[in-house]
Amino acid sequence: MENIKLKNLTLIMAVLISVLSFSYIAQSVELQALTPRQQSIAKIAALTAVGDLDKLNKALHEGLDNKLTINEIKEVLIQMYAYSGFPRSLNAINTFIGVLEDRKAKGIKDVLGPEAKAVSSSKSKFDTGAENLAKLTGAKTVTKNTSAYALFAPASHHIWESLRLLWF
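Let us look at the structure shown here. This one's a predicted model, so the numbers in the text were calculated from it and none came from an experiment.

### Observations concerning the nonpolar core
Formed by 16 residues in total, the largest nonpolar core has its most connected members in Ile 44, Leu 56, Leu 60, Leu 64, Ile 73, Leu 77 and Phe 96. Taken together, the elements giving at least two residues each to this core come down to helix H2 (36-50), helix H3 (53-65), helix H4 (70-79) and helix H6 (86-105). Each residue touching Phe 96, except ones within four places of it in the same chain, is listed here: Leu 60, Leu 64, Ile 70, Ile 73, Lys 74 and Leu 77.

In structure tokens:
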């Protein structure tokens with residue numbers, strides 16, 4: 001009986017903290033809704049990450065209906081390998097091929113869109129990434145990470161640097 005009371009109290013506290021946190025965030029940050037295209041990108045990426053191919057199939061149809069181009073969706077699926085691994089990314093790409101074949105058979109003509117282009121810049125990958133991160137977050141400057149974990153576990157810092165160089 002005492003265990004049930006403790007669980008109920010824990011649940012009530014978690015809900016209260018969540019409500020208060022959301023209330024604070026809503027008051028301190030102007031929330032902006034995502035466009036249907038942006039929602040489709042998020043849904044496609046999330047379903048790729050979890051490997052739910054049946055729901056991904058539907059999300060891919062919705063994404064195309066929401067005016068995402070074939071190449072935009074293809075780029076999302078290609079980029080997902082870094083976050084969810086090659087098998088899930090490849091499964092998603094194969095699912096997308098099936099969606100395109102299904103739509104073509106139904107007479108639906110989807111827009112191919114422009115191919116992704118390589119980024120050409122005289123800036124370093126870190127500087128380009130820092131600039132993009134500043135745009136996304138509103139931060140004035142971004143510095144290289146010299147946090148405690150890097151001092152405590154230098155190997156983790158080398159892994160981070162390798163990943164940072166790949167992504168930025």
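After that view of the structure, there is still more to cover.
### A few points about helix H7 (residues 125-137)
With 13 residues, H7 extends 18 Å between its outermost C-alpha atoms, agreeing within 8% with the 18 Å of an ideal straight helix rising 1.5 Å per residue. Those residues of H7 that sit buried are Phe 126, Gly 129, Ala 130 and Ala 134. When H7 is viewed along its axis, its buried side chains cluster within an angular range of 140° and face the same direction. Seen from the open side of H7, the exposed residues pointing more than 90 degrees away from its buried face are Lys 125, Lys 135 and Leu 136.

### Describing a nonpolar patch on the surface
On the surface, a cluster of nonpolar side chains totalling about 390 Å² of accessible area is made up of Ile 78, Tyr 81, Phe 86 and Leu 90. Its location among the elements puts Tyr 81 in helix H5 (residues 81-84). With relative accessibility at 37%, the residue Tyr 81 sits in the partly exposed group.

How each quantity is defined
- Residues numbered from 1 in each chain as written.
- Predicted model: local features only at pLDDT ≥ 70, side-chain atom pairs only at ≥ 80, totals over all residues.
- Heavy atoms only, no water.
- Core = buried A, V, L, I, M, F, W, Y, C linked by side-chain atoms within 4.5 Å.
- Buried < 20%, exposed > 50% of the residue type's maximum accessible area, 1.4 Å probe, protein only.
- Helix = DSSP H or I, 4+ residues; strand = E, 2+ residues; numbered from the N terminus.
- Contact = heavy atoms within 4.5 Å.
- Expected span 1.5 Å × (residues − 1).
- Arc of directions from axis to C-beta.
- Patch = residues over 30% accessible without salt bridge, like charges linked within 9 Å, V, L, I, M, F, W, Y side chains within 5 Å.
- Areas by Shrake-Rupley, 256 points an atom, 1.4 Å probe, with all protein chains shown as cover.
- Salt bridge = Lys/Arg side-chain N within 4 Å of Asp/Glu carboxyl O.

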